[in-house]
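Fold and contact review
Below are the chains, spelled out letter by letter.
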Amino acid sequence: MKLVGILNGPNLNRLGIREPGLYGSQTYESLCKDWKKTAHTLGLELVLYQSNHEGALIDTIHRWADEGVEGVVFNPAAYTHTSVALRDALASTDMVFIEVHISNIYTRESFRHTSYTAPVSRGVISGLGTAGYTAALTYLSGQ
Ligand SMILES: O=C(O)[C@]1(O)C=C(c2cccc(Sc3ccccc3)c2)[C@@H](O)[C@H](O)C1
């Protein structure tokens, strides 16, 4: 069975608590339950991780690559726009990354229009809400 991961960056553990207009009203815990169900339906084995710390996200990318994870649905959140270190971590593995943003980063503040991680990702889904995660899982199940 193909092993895939869903990796979420800073503040995403607080989903559903504030700014439902931007990030939806579902909590991170509820999303994790839905992602597990979707993965099972797609015939995927799923690992999940969320951290507010850049180094912990990098360590997880390294660990998942060593553990045989083949594809990662990755929402780097604010680190999207700042982190060369995360970009280098993605490029250092053979895993396929699908970058997901709940909001449309290109209709927001200009500083959110740049992604350091998109150039080393297979593709980017932005602005489809949390349905973007489901679309990314579906893509990976067909790879
Ligand atoms: O749209 C996204 O998913 C995004 O990756 C997510 C972000 C983000 C930013 C702050 C908080 C959260 S999650 C959240 C939302 C509401 C209340 C608490 C936390 C996500 C942004 O930093 C990014 O620019 C865009």
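Throughout, a residue's number is its position along its own chain's written sequence, starting from 1. Owing to the predicted nature of the model, reporting of local features is limited to residues with pLDDT of at least 70; listing and counting of side-chain atom pairs is limited to 80 or more, with chain, interface and lining totals taken over all residues. To obtain the side-chain values, all non-hydrogen atoms of the structure were used and water was disregarded.

Observations concerning helix H3 (residues 54–67)
Working definition: helices are DSSP H or I runs of at least four residues, strands are E runs of at least two. Numbering for both runs from the N terminus. To estimate how far a helix should reach, multiply one less than its number of residues by 1.5 Å. In this model H3 runs 20 Å from its N-terminal to its C-terminal C-alpha over 14 residues, within 8% of the 20 Å that 1.5 Å per residue would give. Among the residues of H3, Leu 57, Ile 58, Thr 60, Ile 61 and Trp 64 are the ones counted as buried. All buried residues of H3 project into a common sector of 160° when viewed along the axis, lining one side. The contact rule is simple, with two residues in contact once any of their heavy atoms fall within 4.5 Å. Contact partners of the buried residues in H3: strand S1 (2–8), strand S2 (44–50), strand S3 (71–75), helix H4 (84–91) and strand S4 (96–101). One or two residues past the end of H3 sits Gly 68, with phi positive at roughly 95°. Using a 1.4 Å probe on the protein chains alone, a residue whose accessible area is under 20% of its type maximum counts as buried, one over 50% counts as exposed, and one in between counts as partly exposed. This arc corresponds to the set of directions leading from the helix axis out to the C-beta atoms.

Overview of the sheet that holds strand S5 (residues 123–126)
Spatial ordering of the open sheet is given by S2-S1-S3-S4-S5, a layout of five strands whose pairing is parallel. The open sheet is flanked by S2 and S5, the only strands paired with a single partner. Neighbouring strand axes in the sheet, compared pairwise and without regard to direction, differ in orientation by 20° on average. Strand direction decides the pairing type here: S1 and S2, joined by seven bridges, are parallel. Residue Val 4 lies in a different strand from S2, and its bridge partner there is Leu 46. By the convention used here, strands pair only if DSSP detects at least 2 bridges between them. Between N-to-C directions, angles cover 0 to 180 degrees, with each direction set by a line fitted to C-alpha atoms, over the stretch in contact for helices.

Re the nonpolar core
For our purposes a nonpolar core is just a set of buried Ala, Val, Leu, Ile, Met, Phe, Trp, Tyr and Cys residues, chained together by side-chain atoms within 4.5 Å. Of all hydrophobic cores here, the largest spans 21 residues; its most connected members are Trp 35, Val 73, Ile 98, Val 100 and Tyr 133. Within the residue set of this core, elements represented by two or more residues are S1, helix H2 (28–41), S4 and helix H5 (131–141). At five residues, H2 tops the list of elements feeding residues into this core. In this structure Ile 98 touches Val 72, Val 73, Phe 74, Arg 122, Gly 123, Ile 125, Ala 136, Tyr 139 and Leu 140, once residues within four positions along its chain are discounted. In this structure, Leu 3, Leu 57, Val 72 and Tyr 79 belong to the second largest nonpolar core, which totals 15 residues.

Comments concerning the UniProt feature "binding site: substrate" (unreviewed entry) in the protein chain
UniProt positions are given in the numbering used here, feature names are shortened, and annotations may be inferred rather than shown by experiment. Per the UniProt record, "binding site: substrate" (unreviewed entry) is annotated on Asn 75, His 81, Asp 88, Ile 102, Ser 103 and Arg 112. The greatest C-alpha distance among the annotated residues, which extend across 38 residues, is 24.2 Å, indicating that they are dispersed rather than converging on a single site. Considering only the annotated residues already named, the ones lining the largest pocket are Asn 75, His 81, Ile 102, Ser 103 and Arg 112. Within the secondary structure layout, Ser 103 lies in the loop between S4 and S5. Contacts of Ser 103, omitting those with residues within four sequence positions, involve Leu 22, Tyr 23, Arg 108, Ser 126 and Gly 127. Mapped onto the elements, Arg 112 comes out in the loop between S4 and S5. When its relative accessible area of 18% is taken as the criterion, Arg 112 is described as buried. Ignoring anything within four residues of it in the chain, the contact list for Arg 112 reads His 81 and Ile 105. The term polar contact refers here to a pair of N or O atoms within 3.5 Å; inside protein, the definition further demands a hydrogen-donor-capable atom paired with an acceptor-capable atom, and it admits residues adjacent in sequence only when both atoms are side-chain atoms. Separated by 2.6 Å, the side chains of Arg 112 and Glu 109 make a polar contact. Only protein atoms enter the 1 Å grid used here, on which a cavity is any set of points holding a 1.4 Å probe that cannot leave and a pocket is any open set flanked by protein within 12 Å on both sides along at least five of seven lines; residues with an atom within 4 Å of a point are listed as lining.

Let's talk about the site of the ligand
The rule for a residue being near a molecule or strand is that one of its heavy atoms must lie within 4 Å of it. Near the ligand you find 17 residues, and of these Asn 75, His 81, His 101, Ile 102 and Ser 103 are the closest. One nitrogen or oxygen atom from the side chain of Asn 75 is found 2.8 Å from an oxygen atom belonging to the ligand. Take Ala 78: an N or O atom from its main chain is 3.2 Å from an oxygen atom of the ligand. Each accessible area value is a Shrake-Rupley result obtained with a 1.4 Å probe; residue values ignore everything except the protein chains displayed when judging cover. Here the ligand has 550 Å² of accessible area as a free molecule, and 93% of this is covered by the chains.

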